[in-house]
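Residue-level structure breakdown
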Amino acid sequence: MAVHRPNPVTLRAEARLLTIAGFFLLGLGFPLTLIMTAIALGRADGSPFVPAVIGAPPIMLGYLACHFASQRMVKAKAIESGR
């Protein structure tokens, strides 16, 4: 059974893809949450939990994508430095 050892080029490519996805999700989640919060505050019959329920998933997924991208960059740097 062959052991797969990732190389720095592959790790950096994955990190770029994850970063783009993370920024896209964060760019979608934050404005959506702000707009939904403004709507919920403007109307008396709106639920205050709707903005959190709708906006939290893209914000969390965007954060996680950027976090994993950062981990891949650290791993690529460690492989290059010979650790």
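Our subject is the structure listed above.
Predicted model only: the values in this text are computed from it and were never measured.

Right, let's talk about the overall build of the protein chain for a bit. Helix and strand content of the protein chain: two helices and zero strands. Whereas a compact globule of 83 residues would reach a radius of gyration of roughly 12 Å, the protein chain reaches 19 Å, over 25% beyond that. Overall, the protein chain is about 60 × 25 × 15 Å in size when its C-alpha atoms are taken along their principal axes. Across the 83 residues of the protein chain, 19% fall into the buried class. A separation of at least 24 residues holds for 82% of the contacts in the protein chain among residues at least 6 apart in sequence.

On to the pattern of salt bridges. If you walk through the whole model with that rule in mind, you get two salt bridges. Between Glu80 and Arg12 there is a salt bridge, with the nearest N and O atoms lying 3.0 Å from each other. One end of the pair, Glu80, is in helix 2 (residues 50–81); the other, Arg12, is in helix 1 (residues 8–42), with 68 residues separating them in the sequence. Two residues, Arg72 and Glu14, come together in a salt bridge whose shortest N-O distance is 2.7 Å. Placement of Arg72 in helix 2 and of Glu14 in helix 1 is noted, with a sequence separation of 58 residues between them.

Moving on: the side chain of Thr33. In this structure, Thr33 sits in helix 1. Judged by its relative accessible area of 18%, Thr33 falls in the buried class. Residues contacting Thr33, with those up to four places away along its chain left out, are Pro51, Gly55 and Ile59.

Residue position: Ala15 is located in helix 1. Separated by 41 residues in sequence, Ala15 and Ala56 have C-alpha atoms that sit 23 Å apart. Every residue in contact with Ala15, bar those within four places of it in the chain, is listed here: Ala69, Arg72 and Met73.

Right, let's get into the packing of helix 1 against helix 2. It is the contact of helix 1 with helix 2, at a shortest axis distance of 7 Å, that shows an interaxial angle of 160 degrees. Classified by the angle between their axes, helix 1 and helix 2 sit roughly antiparallel to one another. You can see that helix 1 and helix 2 cross each other, and the crossing is left-handed.

Where nonpolar side chains cluster on the molecular surface, the patch consists of Met60, Leu61, Tyr63, Leu64 and Phe68 and spans about 490 Å² of accessible area. The exposure class assigned to Met60 is partly exposed, which follows from its relative accessible area of 48%.

Reading the values: rules and limits
Residues numbered from 1 in each chain as written. Predicted model: local features only at pLDDT ≥ 70, side-chain atom pairs only at ≥ 80, totals over all residues. Heavy atoms only, no water. Helix = DSSP H or I, 4+ residues; strand = E, 2+ residues; numbered from the N terminus. Rg over C-alpha atoms; globule rule 2.2 N^0.38 Å. Buried < 20%, exposed > 50% of the residue type's maximum accessible area, 1.4 Å probe, protein only. Contact = heavy atoms within 4.5 Å. Salt bridge = Lys/Arg side-chain N within 4 Å of Asp/Glu carboxyl O. Axes fitted to C-alpha atoms, helices over the stretch in contact; angles between N-to-C directions. Parallel < 35°, antiparallel > 145°, perpendicular 65-115°, else oblique. Left-handed = near helix turned anticlockwise from the far one by under 90°. Patch = residues over 30% accessible without salt bridge, like charges linked within 9 Å, V, L, I, M, F, W, Y side chains within 5 Å. Areas by Shrake-Rupley, 256 points an atom, 1.4 Å probe, with all protein chains shown as cover.

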